[in-house]
Amino acid sequence: MTKHPGSVKTRSRFGFTLIEMVCVLLILGILIAIAIPSYLTAREHSQASVCRGQLRLMQDAKERWAIDKKKNSADIPTYDDLIPNYFKNRPVCPGGGEYTPGSVGDNPTCNRPGHSLY
């Protein structure tokens, strides 16, 4: 066989060049940098929402306890008063906070910042 002048020998490529790999890693890094903060924000918002729901349930349980036991707004129920009849078990903050039931006339609180009933 004779070679034709000016013909280019073609070779097959198996794999990626270093530039292609760097570009893919750069794009993935940018996407991860965008996704992680929004994931953390969504997680915090959902934890605060669940906490608010549990604080509402706790307030309702205190009010039902006060009506059933003929208590006034200054009385403070304990978890032992609320759990058997008004809660199945002690509520737990999903963010790791601790609940304080308080008196019947006051809203229950969570010691985690941003987790409040109102």
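This structure is a prediction, so every number in the text was calculated from the model and none was measured.

**Q** How should the overall build of the protein be read in this particular structure?
**A** When you go through the protein residue by residue, the secondary structure sums to two helices and two strands. Along its sequence from the N terminus, the protein presents helices and strands in the succession α-α-β-β. Across the 118 residues that make up the protein, the buried fraction comes to 22%. Contacts in the protein between residues far apart in sequence, at least 24 positions, make up 59% of those at least 6 positions apart. Accessible surface, the protein as shown: approximately 9200 Å² in total, 62% of it carbon and sulfur.

**Q** Looking at this structure, I do not really get the environment of Gly 114. What am I missing?
**A** Tracing the sequence through the fold places Gly 114 in the segment after β2 (109–110). Considering only alpha carbons, one finds Gly 114 and Glu 44, 70 residues apart in sequence, at a separation of 9.2 Å. Beyond its immediate chain neighbours, meaning those up to four positions away, Gly 114 contacts Ala 48 and Arg 52.

**Q** So what exactly am I meant to see when it comes to a nonpolar patch on the surface here?
**A** A surface patch of nonpolar side chains, about 490 Å² in accessible area, is lined by Val 24, Leu 25, Ile 27, Leu 28 and Leu 31. One can find Leu 31 in helix α1 (residues 18–69).

**Q** Where do I start with unusual backbone geometry in this structure?
**A** Note on backbone geometry: most residues besides glycine have negative phi, and most peptide bonds are trans. Positive phi, close to 55 degrees, is recorded for Lys 70, a residue that is not glycine. Within the secondary structure, Lys 70 sits in the loop between α1 and α2 (79–86).

**Q** Honestly, the nonpolar core in this entry has me stumped. Any pointers?
**A** For soluble globular proteins, nonpolar side chains are generally found buried alongside one another. With 15 residues, the main nonpolar core has Cys 51, Leu 55, Trp 65, Leu 82, Tyr 99 and Cys 110 as its most contacted residues. Put simply, the parts of the chain that give this core at least two residues each are α1 and α2. For this core, the element with the highest residue contribution is α1, accounting for six residues. In contact with Cys 51, not counting residues within four places along its chain, are Cys 93, Pro 94, Tyr 99, Cys 110 and His 115.

About the cut-offs
Residues numbered from 1 in each chain as written. Predicted model: local features only at pLDDT ≥ 70, side-chain atom pairs only at ≥ 80, totals over all residues. Heavy atoms only, no water. Helix = DSSP H or I, 4+ residues; strand = E, 2+ residues; numbered from the N terminus. Buried < 20%, exposed > 50% of the residue type's maximum accessible area, 1.4 Å probe, protein only. Contact = heavy atoms within 4.5 Å. Areas by Shrake-Rupley, 256 points an atom, 1.4 Å probe, with all protein chains shown as cover. Patch = residues over 30% accessible without salt bridge, like charges linked within 9 Å, V, L, I, M, F, W, Y side chains within 5 Å. Salt bridge = Lys/Arg side-chain N within 4 Å of Asp/Glu carboxyl O. Core = buried A, V, L, I, M, F, W, Y, C linked by side-chain atoms within 4.5 Å.

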